[in-house]
Protein chains: 2
Amino acid sequence: MSLTDAAPAEAARAAKNASHIMATLSADQRNDALLSMHKALAANRESILAANAEDLALAQDDAAQGRLNPSLVSRLDLGRKGKWEDMLQGILDVRDLPDPVGRVTLRTRLDDGLELERVTCPIGVLLVIFEARPEVLANIAALAVKSGNAALLKGGKESTKTMLAMATVLAQSLEGDSSSVPPAAIQLVTRRDVIQELLVLDRDIDLVVPRGSNELVRSIKAGTRIPVLGHADGICSTFIDAGFTDASLAATILVDAKTGYPAACNSLETLLVHESVIADAASAGTAAFVAAAKALLAAGVTLRCDAPSKAVLDQQLDEGARAKVVDAVNDDYDTEFLSLDLAVKVLPSLDAAIAHINAHGSHHTDAILTHSEANAEKFMAAVDSAGVYWNASTRFADGMRYGFGTEVGISTNKIHSRGPVGLEGLTIYKYKLRGSGQAAGAYGEGKKQYKHESLSL
Amino acid sequence: MSLTDAAPAEAARAAKNASHIMATLSADQRNDALLSMHKALAANRESILAANAEDLALAQDDAAQGRLNPSLVSRLDLGRKGKWEDMLQGILDVRDLPDPVGRVTLRTRLDDGLELERVTCPIGVLLVIFEARPEVLANIAALAVKSGNAALLKGGKESTKTMLAMATVLAQSLEGDSSSVPPAAIQLVTRRDVIQELLVLDRDIDLVVPRGSNELVRSIKAGTRIPVLGHADGICSTFIDAGFTDASLAATILVDAKTGYPAACNSLETLLVHESVIADAASAGTAAFVAAAKALLAAGVTLRCDAPSKAVLDQQLDEGARAKVVDAVNDDYDTEFLSLDLAVKVLPSLDAAIAHINAHGSHHTDAILTHSEANAEKFMAAVDSAGVYWNASTRFADGMRYGFGTEVGISTNKIHSRGPVGLEGLTIYKYKLRGSGQAAGAYGEGKKQYKHESLSL
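Residues numbered from 1 in each chain as written. Chains lettered and ligands numbered in written order. Predicted model: local features only at pLDDT ≥ 70, side-chain atom pairs only at ≥ 80, totals over all residues. Heavy atoms only, no water.

The line we're drawing: UniProt positions are given in the numbering used here, feature names are shortened, and annotations may be inferred rather than shown by experiment.
Looking at an unreviewed UniProt entry, one finds chain A named glutamate-5-semialdehyde dehydrogenase, with Ophiostoma piceae as its source organism. Quoted verbatim from the Pathway (unreviewed entry) heading of the UniProt record, the comment on chain A is "Amino-acid biosynthesis; L-proline biosynthesis; L-glutamate 5-semialdehyde from L-glutamate: step 2/2." Under the UniProt heading Catalytic activity (unreviewed entry), the note attached to chain A is "L-glutamate 5-semialdehyde + phosphate + NADP(+) = L-glutamyl 5-phosphate + NADPH + H(+)".

A word on the interface of chain A and chain B
This is how the line gets drawn: In this description, contact between two residues means that some pair of their heavy atoms is separated by no more than 4.5 Å. Buried area is understood as the total, over both parts, of accessible area removed when two parts are fitted together, assessed with a 1.4 Å probe. When a carboxyl oxygen of Asp or Glu is within 4 Å of a side-chain nitrogen of Lys or Arg, the pair counts as a salt bridge.
Residue-level contacts link 76 residues of chain A with 76 residues of chain B. Summed over both partners, the interface of chain A with chain B comes to about 6000 Å²; 56% of that surface belongs to carbon and sulfur atoms. The three residues of chain A that bury the most area against chain B are Phe396(A), Ile415(A) and Tyr431(A), which together make up 11% of that side's buried surface. Across the pair Asp206(A) and Lys414(B) runs a salt bridge whose closest N-O atoms are separated by 3.7 Å.

Overview of the domain arrangement of chain A
This is how the line gets drawn: In this document the domain limits rely on a domain assignment from an automatic tool or a database.
Once the domains are mapped, chain A shows domain 1 (2-222) and domain 2 (236-396). For domain 1 of chain A and domain 2 of chain A, the distance between their C-alpha centres works out to 39 Å.

Here's the deal with helix α2 (residues 27-43) of chain B
Residue and element names in this part refer to chain B. What counts is decided by this rule: In this description a helix means any DSSP run of H or I spanning at least four residues, a strand means any run of E spanning at least two, and both kinds are numbered starting from the N terminus. In this analysis, the expected span of each helix is defined as 1.5 Å times one less than the number of residues it contains. The classification of residues rests on relative accessible area computed with a 1.4 Å probe and restricted to protein chains. Under 20% of the type maximum is buried, over 50% is exposed, and intermediate values are partly exposed.
Taking 1.5 Å of rise per residue, the 17 residues of α2 would be expected to cover 24 Å, and the 24 Å separating its terminal C-alpha atoms lies within 8% of that figure. Within α2 the residues assigned to the buried category are Arg-30, Asn-31, Ala-33, Leu-34, Met-37, His-38, Ala-40 and Leu-41. The secondary structure elements touched by the buried residues of α2 are α3 (45-64), α5 (83-96), α6 (135-146) and α7 (160-175).

A look at the pairing of strand β9 (residues 268-274) of chain A
Residues and elements named next belong to chain A. Here is the rule: In short, DSSP must find at least two bridges between two strands for them to pair. Look down the strands so they point away from you; if the path from the first strand over the helix to the second goes clockwise, the crossover is right-handed.
Burial analysis of β9 places seven of its seven residues in the buried class, the great majority of the element. Relative to β9, strand β8 (residues 236-240) runs parallel, the two sharing five bridges. Pairing of Phe-239 across the sheet is with Leu-272, part of β9. Taking the sense of rotation as the criterion, the β-α-β connection linking β8, helix α10 (residues 247-259) and β9 turns out right-handed. Two elements, β9 and strand β12 (residues 341-347), share five bridges in a ladder whose sense is parallel. Bridge pairing in β12 links Leu-271 to Val-344.

Brief notes about the packing of helix α2 (residues 27-43) of chain A against helix α7 (residues 160-175) of chain A
Residues and elements named next belong to chain A. Selection criterion: For every element, the axis is a line fit to its C-alpha atoms; helices are fit only across the contacting stretch, and the angle between N-to-C directions ranges from 0 to 180 degrees. Any angle that is under 35 degrees is reported as roughly parallel, and any over 145 degrees as roughly antiparallel; angles of 65 to 115 degrees are reported as roughly perpendicular and all others as oblique. The handedness criterion is simple: a crossing whose near helix is rotated anticlockwise from the far helix by less than a right angle is left-handed, and one whose near helix is rotated clockwise is right-handed. Think of it as three bins: nonpolar holds Ala, Val, Leu, Ile, Met, Phe, Trp, Tyr, Cys and Pro, charged holds Asp, Glu, Lys and Arg, and polar takes everything else, Gly as well.
Taken N-terminus to C-terminus, the directions of α2 and α7 make an angle of 135°; their axes are 9 Å apart at the nearest point. Classified by the interaxial angle, the pair formed by α2 and α7 is oblique. For the pair α2 and α7, the sense of crossing is right-handed. Across the interface between the two elements, Ala-33, Ser-36, Met-37, Ala-40 and Leu-41 from α2 touch Met-166, Val-169, Leu-170, Ser-173 and Leu-174 from α7. Among the residues forming the contact of α2 with α7, the class breakdown is eight nonpolar, two polar and no charged.

Describing empty space enclosed by the protein
We count it as follows: With a 1 Å grid spanning the protein atoms alone, the term cavity applies to any set of points in which a 1.4 Å probe fits but cannot get out, the term pocket to an open set with protein on both sides within 12 Å along at least five of seven lines, and the term lining residue to any residue with an atom within 4 Å of a point. Grid points are joined across faces, edges and corners, and a volume is the space filled by probe spheres set on the points.
The full count for this structure, using the stated rule, is five cavities of 30 Å³ or more. The space that makes up the largest cavity amounts to roughly 100 Å³. Lining the largest cavity are 15 residues, and of these Ala381(A), Asp384(A), Ser19(B), Ala23(B) and Pro122(B) lie nearest its centre. Secondary structure elements with two or more residues in the lining of the largest cavity: α15 (373-382) of chain A together with α1 (8-22) and β3 (114-122) of chain B. Considering only residue class, the lining of the largest cavity consists of seven nonpolar, four polar and four charged. In this structure, the second largest cavity is lined by 14 residues; those nearest its centre are Ser19(A), His20(A), Ala23(A), Pro122(A) and Asp384(B). Contributions of two or more residues to the lining of the second largest cavity are made by α1 (8-22) and β3 (114-122) of chain A together with α15 (373-382) of chain B. Grouping the amino acids of the lining of the second largest cavity by side-chain chemistry returns seven nonpolar, three polar and four charged.

A word on the environment of Val169(B)
Residue and element names in this part refer to chain B. Tracing the backbone shows Val-169 in helix α7. Measuring from C-alpha to C-alpha, the distance between Val-169 and Ser-47 comes to 9.6 Å, with 122 residues separating the pair along the chain. Apart from the residues lying within four places of it in its own chain, the contact partners of Val-169 are Ala-40, Leu-41, Asn-44 and Ile-48.

Side note on the environment of Gly124(B)
Residue and element names in this part refer to chain B. Summarising the element assignment, Gly-124 is placed in the loop between β3 and β4 (125-130). Given a relative accessible area of 6%, Gly-124 falls into the buried group. Along the backbone, Gly-124 and Ala-367 are 243 residues apart, and their C-alpha atoms lie at a distance of 36 Å.

Let's talk about the nonpolar core
Basically, it comes down to this: To form a nonpolar core, buried Ala, Val, Leu, Ile, Met, Phe, Trp, Tyr and Cys residues must be joined to one another through side-chain atoms within 4.5 Å.
Among the nonpolar cores identified, the biggest contains 178 residues, and Leu41(A), Leu152(A), Leu153(A), Leu41(B), Leu152(B) and Leu153(B) are the most heavily contacted of them. Formed by 30 residues, the second largest nonpolar core is a distinct cluster that contains Ile253(A), Val273(A), Val301(A) and Leu369(A).

Side note on the relation of the copies chain A and chain B
In this structure, two copies of a chain are linked by a rotation about an axis accompanied by a shift along it. This is how the line gets drawn: Least squares is the method for superposing the copies, and the C-alpha atoms it fits come from residues with pLDDT of at least 70 in both.
Least-squares fitting of chain A to chain B yields an RMSD of 0.1 Å, with the transformation described by 0.0 Å of translation along the axis and a rotation of 180°. What the rotation and shift describe, once combined, is the action of a two-fold rotation axis. Taking C-alpha positions as the reference, the residue of chain A nearest the rotation axis is His416(A), at 1.9 Å. A symmetric contact is evident, with 100% of the interface residues of chain A recurring at the interface of chain B.

As structure tokens, this is what we get:
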């Protein structure tokens, strides 16, 4: 690891050169580097926390004077209970993950003595842009080293001193005789206001990973031709299908999806209801819808309803509960509230729900509540989202919950990586062809024939 | 299939809507559509060839008056021996390929009654921009239908009448009662000069596939934020490693790689030689290098040599052969000649060769000729190219040669698809989660635990 105040183009070029060395390291060499990084941070706890205290004091000052959102201050604090230990353990956890590099995913005998292999390899140079949480620095550096990528790291300025202290320690750990990771492979970019300059370096930077607010991701996506792994919005919907009557299931899933962590990208923002569910006020469908609404209201949710859904709730709820049932405006169905607000809309069919989600959602995670397997399967095929769920909370969209061991981010891209992205998303593949003097022109009609024999992996 | 002279934004939106239907079709439905397309083209051979004859006559006229490259004219000709039959057979071949959609690539039991599945699915909407070869229209339409994608097709204007005739026929075949493919799923864009307008529609178009010249690809890559599958350049190198002495192998591979089809992207453009190979004029290494050079010269190749390689050849070749050994200029090592020219450079080490290729190559396909397995493996790990070969011709970089059954293109991207891209490259995946009422908040410390049990695929 190194600190760099070099010009962005030089830093990126150095990272690219280092990436070619990274690509040749064995899993042991990369894992040993992770161990060195862990040890170095552990041995320098005091000095890093001292630097962190300085950042914290400045931030508290800024917050007191209204220059900084107070909620940001606690995010900077590496000394908070368990945070330091979690950060260190995170490096060891990444080290213990299966090696994402060198996996053979295709092996074909083109001919005798001519074998083709598709093998996973690092992508090259990552540009990771993150906000001021200093522990992200350690996490990203660990993910990059584990996956054999070089990385340029640009963190939020409120953690400058902490990150400098951490990077200095990590740099020393990687500059030792025993480390195979070249220092330029992981660089903390310390120059300010260089993000725009970095985002044009599409020759040397292969992938941008923004970790932070929607605004950050959106502005980065709009400002670069380098592929960006991430998502700007999380407008997740759940559709209550015709014939659905399970009040308890609906309440459980919707309350979890909406209130578990309203600021999360996988939280529920829109509830769609098949019109037949609430067509008859005395039906089990209406009872299920009303029960779910009551549970949501009891959890503090404001329901932003269209006319048909509001009519049902106005009729069936007592006055106190009705206070948080308000009229929706059109924009509500295109809004990521990130708060205890939920847009509710009644639709005439499953097809209409699918069309609504494809048009108004953010292709992140959407669910259907239904007793019909056929409708569930149709919904999951037709909804164009990274996650399509049947009778489950959208909040399961998460790399740890999926069992990936780590999460690089959640992607709404349509190529490469989609949904929660584990280490695999930081790899690509190359084709290795091992021959013994073959010419392509020797094959063809009336000449040698390819065997194209699939070999075991 | 439909013809569209709609505004690009409307065409793209219609394609996007159609893509959501395409995503729900079964393999049988897509294969049946391919059969209908095949039958329709076969039944309308006369009218399509008549339209083609009109295009051809115009093109011959243009060529005669110097407005069109004469080599283009023959590419337009669908009546050329075997071309029509090959085009039709190509549709059936695509139909017979394994279904790229619906493959389950991960299945995990998160908990009882909560199963996660990662399943391949279409990307959505492709924009395929191709030159005037009319058979490409049928090929692309077949690939899109097979992979469940919608596609906007924009072909070169010299084939306008042929493509209109083909698209009309294909549209009729897909508009029949029995077809499940919505007409807007495959649209031939007939308005002229709309490419730039299409390239900004990143909300509705998910992937651009340019098929054509380097200039076309380069200009498209520079002009859009939509991911582009392709490669602008093919500067392929081969390195003769220290200790290499096999004259016959070198001559066979290098002549094939350089002269098999000089205009192809996988043709050899740069020959790198370890300095020790030619350090001793009487050595077996020098003999191998000179033998390869003689074979290349005999095949009509001009060798653009640096001083050390030229000195060896000047010494060892007779006067006639020497005429086509010329001094290289610096730009030669960054040039895709696409002709019978080959840049030759002597380098001091394997590391220098790797560094040269990573800096001057195009990350397409590069080879090493060596007797050392260790050096071959190091080269294949460190060279940052889609194809890295040991003792084989770079000309093997091709989807058909790799055994993919078809080739969508060759990609030098670092994400999603790299190297020759088969149908797989037109798919992504989504996560389906089938639950029974689970809330994510029910899991965690002191609560329910995830099982994360890997299930068979």
